[in-house]
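This is what each chain is made of:
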Amino acid sequence: MKAAFVTPRYGPEVIGGAESGARQLAEHLVALAGWEAEVYTTCARDHLSWANELPAGESRMGGVLVQRFPTDRPRHPEGLVLDGRLRADPAAATLEEADRWVSLNGPVSSGLLSAVAASDADVVVFYPYLYHPTVAGIGLVGAPAVLHPAAHDEPALYLPVFARTFATADALVFQTMAERRLVQRVHPVAGRPQLLMGLGVGSPPPSAHRGGEVLGIGDRPYVVSVGRVDEHKGSAMLAAFFRTYKER
């Protein structure tokens, strides 16, 4: 079997849950299942600018064929203005406004979309739901299209354009039951074949220390937040809430 993965960024240097999930699955399919795997991605490393930083062309990484295509343009500042306007009530946005938001959110790569449309893979896998390669590419493939949405409760999920994206997918893969319930509530997909797969977590090294030892707090209770430290992921809000909790 041959699987093609479509994701806006790819590589061990990319800090992102969906992108890391795509890389882990692609490499495991090659190493453990004997599949062929290839990736269609952009030359961007930074999701805020989509600037072309990595060389275009083919390379092999972890047994996976990686094909990089330049983005047609960097992220446009107009997207932030539109995002601020639609964020207040995304469900009320028109389809035209939502399509415009996806285009400005990027990354737009005409070369990537052409390669996806011409792919000879047995299955084409899209990560995550949010970006232009998924929205524009999922309807171009002849092979079954599987969407790993990596969805969470954010304003963009409620934009009407994504109802079309979820409806176009031939099957869906979720990381958690909470994600599955969320997507079903916003964009009903119960009729689509779907799988709850999760994400792999590596074993700690033998010399790993307990968190309390690392922090020097002994046996006192502490809270761990697992994820990317990013204001868009709620890190600042979590810190503010915890600070208020401590004050109270």
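Predicted model only: the values in this text are computed from it and were never measured.

Draft legend 1. Highlighting the packing of helix α3 (residues 95-105) against helix α6 (residues 161-168). In the contact formed by α3 and α6, the axes pass within 8 Å of each other and the chain directions differ by 75°. As summarised for this structure, α3 and α6 are arranged roughly perpendicular, according to the angle between their axes. Facing Leu95, Ala98, Asp99, Trp101 and Val102 of α3, the residues of α6 in contact are Val161, Phe162 and Arg164.

Draft legend 2. Here's a closer look at the sheet that holds strand β1 (residues 2-6). Strands sit in the order β3-β4-β2-β1-β5-β6-β7-β8 across an open sheet of 8 strands; the sheet is mixed. Edge positions in the sheet fall to β3 (57-61) and β8 (194-196), since each of these pairs with one other strand and no more. For this sheet, the mean inter-axis angle between neighbouring strands, taken without regard to orientation, is 20°. Across 2 bridges, strand β6 (residues 145-147) lies against strand β7 (residues 171-174) in parallel orientation. Residue pairing across strands places valine 146 opposite alanine 171, the latter belonging to β7.

Draft legend 3. Spotlight on the pattern of salt bridges. Under the counting rule described, the total for this entry stands at 10 salt bridges. Salt-bridge contacts for glutamate 53 lead to arginine 45; the nearest nitrogen and oxygen are separated by 3.7 Å. With relative accessibility at 34%, the residue arginine 45 sits in the partly exposed group. Close ionic contact of arginine 85 with glutamate 97 constitutes a salt bridge, the shortest N to O distance being 3.1 Å. Taken together, the residues span a long stretch of sequence, with arginine 85 in helix α2 (residues 78-87) and glutamate 97 in helix α3 at a distance of 12 residues. On the accessibility criterion, glutamate 97 (22% relative accessible area) is partly exposed. In this structure, a network of salt bridges that share partners links the residues Lys2, Glu38 and Asp120.

Draft legend 4. Inspection of unusual backbone geometry at higher detail. With omega at -10°, the peptide bond leading from glycine 106 into proline 107 counts as cis. Turning to its location among the elements, proline 107 is positioned in the loop between α3 and α4 (110-117). One non-glycine residue with positive phi stands out, namely tryptophan 50, at about 60°. Tracing the backbone through its elements, the reader meets tryptophan 50 in the loop between β2 (36-42) and β3. If you check the backbone angles, alanine 150 has positive phi at about 50° while not being a glycine. Topologically, alanine 150 is positioned in the loop between β6 and α6. Overall, the relative accessible area of 21% leaves alanine 150 in the partly exposed class.

Draft legend 5. Focus on the pairing of β3. As paired strands, β3 and strand β4 (residues 64-69) are joined by 5 bridges and run antiparallel to one another. Each bridged residue has a counterpart across the sheet, and for glycine 57 the counterpart in β4 is arginine 68.

Draft legend 6. Examining the nonpolar core more closely. Counting residues in hydrophobic clusters, the biggest one holds 43 residues, and the most contacted among them are Trp101, Phe126, Tyr129, Leu159, Phe162 and Phe166. Here phenylalanine 166 is in contact with Tyr129, Leu147, Pro149, Leu157, Leu172, Val183, His187, Val189 and Arg192, once residues within four sequence places are set aside. Phe5, Val146, Ala171 and Val173 belong to the second-largest nonpolar core, a separate cluster that totals 17 residues.

Draft legend 7. α2, seen in detail. Every buried residue belonging to α2 is among Gly79, Leu82, Asp83 and Leu86, and all of these are buried. Mapping the buried residues of α2 onto a view down its axis gives an arc of 105°, with all of them on the same face. Residues Leu80, Val81 and Arg85 are exposed on α2 and point more than 90 degrees away from its buried face. Elements that come into contact with the buried residues of α2 comprise α3.

Conventions used here
Residues numbered from 1 in each chain as written. Predicted model: local features only at pLDDT ≥ 70, side-chain atom pairs only at ≥ 80, totals over all residues. Heavy atoms only, no water. Axes fitted to C-alpha atoms, helices over the stretch in contact; angles between N-to-C directions. Helix = DSSP H or I, 4+ residues; strand = E, 2+ residues; numbered from the N terminus. Parallel < 35°, antiparallel > 145°, perpendicular 65-115°, else oblique. Contact = heavy atoms within 4.5 Å. Pairing = 2+ DSSP bridges. Salt bridge = Lys/Arg side-chain N within 4 Å of Asp/Glu carboxyl O. Buried < 20%, exposed > 50% of the residue type's maximum accessible area, 1.4 Å probe, protein only. Core = buried A, V, L, I, M, F, W, Y, C linked by side-chain atoms within 4.5 Å. Arc of directions from axis to C-beta.

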